Amino acid sequence: MSSEEASMTDTTEKHEQETPQPGAISDFGIDTTSQSTGEAVRDYWARVRGGELGALPALLGLIVLLIVFSSLSDTFFTLGNLANLLQQGASITIIAMGLVFVLLLGEIDLSAGTASGVTASVMALHLIHNGNLLGGMGDTVFYVFCGLLVLAIALSAWMKIWAGTALSAVALIIAAVGVPANAWLEMLLAVCVGAAIGCVTGFLVAKVGIPSFVVTLALFLVWGGVVLQLIGQGGTLGLRDDTIFNVANGNLNFVGSWVLFVVAVGGYAAVVLTRHFSRLRKGLVAQPTSLVLAKIGALAVLAAVITYALSLNRAASNLIVIEGVPYVVPVVLVLLVIGTFVLDRTSYGRHIYAVGGNKEAARRAGINVERIRMSVFVIASSAAAIGAIVYSSKVGSVDPNAGAGNTLLLSVGAAVIGGTSLFGGKGRLRDAVIGGAVLAIIQNGMGLLNQPAAVVFIVTGLVLLLAASVDALSRRRAANSAR
Amino acid sequence: MSEPILELRGINKSFGPVHVLHDIDLTVNPGEVTALVGDNGAGKSTLVKCIAGIHPTDSGEVLFQGEPVHIKGPRDAAELGIEVVYQDLALADNLDIVQNMFLGRERTKGGLLDETDMEQAARKTLASLSVRTVKSVRTQVSSLSGGQRQTVAIAKAVLWNSKVVLLDEPTAALGVAQTRQVLDLVRRLAEQGLGVVLISHNMNDVFEVADKIACLYLGRMAAVVGSKEVTHGQVVELITAGRSGDLGIARPEAATI
């Protein structure tokens, strides 16, 4: 406290010596309205030492892993493997992004993995039976399925989660009408079924009040059984459709890759700079312009290098050409941008953080806590469905184990490794992406080193444990450094 | 004296078989600090929660600026301009000061959060209350001291151009200097023309800032007295026995929960 006070008076004096900027609230006197680069760096360092690590440990881990694997394996740092890495990690990353919303509330969704399996099987059934889900599922199963969709519509309408209602209704219409197979329709169906599943999960947690651990543990088993029922023991549903196959295996062409680069970097720069200059103009605390520009520049260079590398031919044989940025990159980017936008720039996102930080405070502030809690499960399950589309596409089929086994654990792991707190209230979507990258690199790199599955599991588990310890320790540090 | 801004008439409240509030009458005037005192379990916090719309009342009338109103939830109270600063603070630790001050009532522009506008408003409010102890309005609440948190919670209440602010034991967990800060702030609220209700166990605090003292005894309003007309001892008697000389309930022995 005393050193804090000293630094406070420091900044106050410094500020008073400066001529106040026009438009600044100069009589306030407690905030430095513009920081020098040195101050900004010191400020960041102080926060890190105070326990706000954010994605820093995961980023460091990522760099270490990259160095270790590229020095141990000749094939790791090849173009083909890098693209492969992105495609392997994408589904886990997408499911993890959905889970971040749930984790932000301090809840858990153990059923996301098998729920994604259900959406994948429904998608595959619709494709194989040319839209005739009734024929694909059999009478009883089909009517139960429709009944569940109606239930999801009713529950979400009751809780006024209109997006959930709309998506569930779309799923019901697609199922009932029996539109002929169409890859886009199937993917839409998968996401809608995912949303419906989330409505049921969310309702049980938020309104009925069962702890999310128990609800989703039970549903983990239920959905696992449903996948078995839909596919049949020992069966596999093949996805013979070019559009679906391309989701995880296709690439943007050369022009498309660079258009993506321009849109992504340009968009990022535009958003960051607009906000930065509007803050400067209004005399609010802002990072130094040079630092902001440096950040944008570093990102642009990194993105350009990756885009360039991926737009080279990376085929192993001379007979075919494989080049361009994989489709999963824009898919993950779009989801990342939309999700980050929702969390950071809308009241809904703010309320998620508030409920995660202090449920009672949120309730007293007039936030509908039940609705927020239910809605995050809808988001998580919908994201799980998108993840399901990607992993089914990667494999080209859906088997009875879809989404079971490691899918869920790796997704939760990805979110936590990236820096999302299991205690709620702390975490960002980019954590899931960084964590997903860490896990994908471990799996891929260990595979290239011909390590047995036993070692891969153990290492993955230890990394997760390490990440959870960092979270717990930094939280304790933050609690101690307060006041 | 000006017209009372908030007036309670005959408020009753039971939790199951437990009758917590008996026919409570209370008036709150603008520009005045009304202290609400009473022993543990006398119903102070319940009364505040009833006013704030957290608990529904069983019977009785609430008049706001002379008009009868029905407060059914925290939002209704907030819309009228009644703000409550709770004993347990009700701040989200993982959000910064600005985010907490606007929690539940974020300002938006085109559907998006208007961060700069909120930040400016928060700074103006803190400046108007002469709060100079926080380093930055973008500091996370988790890194603030108890006094600073209380200051933020009070500033949050003021931000909404509120007319009545209810403070539930704002100094209970604070050190000497921090208590000083908060009491100064309470006085400043009243000087700005707000009606302030202060719940406190600390007689020194009460006598220092309150214009009027309302004593609750076992869920009944024992007496409402001017703070200059009574002594420490009398107030303590009112709190513990419900009666002091001519003041208080006629036959406190008959009062039952």
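Quantities reported herein were computed from a predicted structural model and do not represent experimental measurements.

Conventions we followed
Position numbers for residues count from 1 along each chain, tracking the sequence in the order it is written. Think of it this way: whatever chain is written first is A, whatever ligand is written first is 1, and the rest follow in order. Whole-chain, interface and lining totals are the exception, using all residues; otherwise, since this is a predicted model, local features are given only for residues with pLDDT of at least 70 and side-chain atom pairs are given and counted only at 80 or more. The way it works is that DSSP assigns letters per residue, a run of H or I at least four long becomes a helix, a run of E at least two long becomes a strand, and they are numbered from the N terminus. In this setup the radius of gyration rests on C-alpha atoms only. A globule is expected at 2.2 Å times the number of residues raised to 0.38. Our exposure labels follow a C-beta count within 10 Å of each residue's own C-beta, placed from the backbone: buried means 20 or more other C-beta atoms, exposed means 12 or fewer, and partly exposed covers the counts in between. C-beta atoms are first placed from the backbone for all residues, and any pair lying within 7 Å is then listed as a contact. Each residue gets a pLDDT score, which is the predictor's confidence in that residue and runs from 0 to 100. Given the number of residues in a helix, its expected span is that number minus one, multiplied by 1.5 Å. In this scheme, strands are said to pair when DSSP sees at least two bridges between them. Axis definition: a line fitted to C-alpha atoms, over the contacting stretch in the case of helices. Angles run 0 to 180 degrees between N-to-C directions. To sort the angles, those under 35 degrees are grouped as roughly parallel, those over 145 as roughly antiparallel, those from 65 to 115 as roughly perpendicular, and the leftovers as oblique. In this classification, Asp, Glu, Lys and Arg are treated as charged, Ala, Val, Leu, Ile, Met, Phe, Trp, Tyr, Cys and Pro as nonpolar, and every other residue, Gly included, as polar.

## Here's the deal with the overall build of chain A
Tallying secondary structure elements over chain A gives 20 helices and two strands in all. A globule of 483 residues ought to have a C-alpha radius of gyration of about 23 Å, and chain A, at 24 Å, matches this closely. Counting all 483 residues of chain A, 43% fall into the buried class. Considering only residue pairs separated by 6 or more positions, chain A has 78% of its internal contacts joining residues 24 or more positions apart.

## A short note on the confidence of the model for chain A
Averaged over all residues, the pLDDT of chain A equals 85, while 91% of them reach at least 70. Note that pLDDT drops below 50 for residues 1-30 of chain A; the model gives that stretch 31 contacts with residues more than four away or on any other chain.

## Some thoughts on helix α4 (residues 115-128) of chain B
Residue and element names in this part refer to chain B. Here α4 is 14 residues long and its end C-alpha atoms lie 20 Å apart, about the 20 Å a rise of 1.5 Å per residue gives. The set of residues buried in α4 consists of Glu-115, Met-118, Glu-119, Gln-120, Ala-122, Arg-123 and Leu-126. Tucked inside the fold, the buried residues of α4 contact α3 (97-101), β8 (112-113) and α5 (146-159). Ser-130 sits one or two positions beyond α4 and adopts a positive phi of about 55 degrees.

## A short note on the sheet that holds strand β4 (residues 59-64) of chain B
Residue and element names in this part refer to chain B. Taken in spatial order, the four strands of this open sheet run β2-β1-β4-β5, and their pairing is antiparallel. Both outer strands of the open sheet, β2 (18-28) and β5 (67-69), are each paired with one neighbouring strand and no more. Each strand axis lies, on average, 30 degrees off the axis of its neighbour in the sheet, ignoring direction. Bridge count for β4 against β5 is three bridges, and the pairing is antiparallel. Opposite Phe-64, over in β5, you have Glu-67 as the bridge partner.

## Things to note about helix α17 (residues 369-395) of chain A
Every α-helix winds through 3.6 residues per turn, so residues three or four apart in the chain are directed the same way. The first and last C-alpha atoms of α17(A) sit 39 Å apart over 27 residues, in line with the 39 Å expected at 1.5 Å per residue. Judged by how many residues are buried, α17(A) sits mostly within the fold: 22 of 27 residues are covered.

## Description of the pairing of strand β1 (residues 6-15) of chain B
Residue and element names in this part refer to chain B. Judged from the five bridges that link them, β1 and β4 form a sheet pairing that is antiparallel. Bridge pairing in β4 places Arg-9 opposite Glu-61. Connecting β1 to the antiparallel partner β2 that follows it, the hairpin turn spans two residues, and Gly-16 within it adopts a positive phi of roughly 60 degrees.

## Looking at the sheet that holds strand β10 (residues 195-199) of chain B
Residues and elements named next belong to chain B. Pairing within the open sheet is mixed, and its six strands lie in the order β6-β9-β10-β3-β11-β12. The two strands at the open ends of the sheet, each matched to only one other strand, are β6 (82-85) and β12 (220-226). Direction aside, the axes of adjacent strands within the sheet are offset by 20 degrees on average. In terms of strand pairing, strand β9 (residues 164-168) meets β10 through five bridges, oriented parallel. Bridging from a neighbouring strand, Val-164 pairs with Gly-195 of β10.

## Re the packing of helix α4 (residues 79-104) of chain A against α17(A)
Residue and element names in this part refer to chain A. At a closest axis distance of 7 Å, the pairing of α4 and α17 adopts a crossing angle of 175 degrees. Taken together, the axes of α4 and α17 lie roughly antiparallel to each other. Taken together, the residues of α17 that come into contact with α4 (itself represented by Gln-87, Ala-90, Ser-91, Ile-94, Ile-95, Met-97, Gly-98, Leu-99, Phe-101 and Val-102) are Val-376, Phe-377, Ile-379, Ala-380, Ser-382, Ala-383, Ala-384, Ile-386, Gly-387, Val-390, Tyr-391 and Lys-394. Here the contact of α4 with α17 is composed, by residue class, of 16 nonpolar, five polar and one charged.

## Re the environment of Val265(A)
Residues and elements named next belong to chain A. Within the secondary structure, Val-265 sits in helix α12 (residues 254-281). Val-265 gets classed as partly exposed once you count the C-beta atoms within 10 Å, which come to 19. With residues up to four places along the chain from it excluded, the contact list for Val-265 reads Leu-299, Ala-300 and Ala-303.

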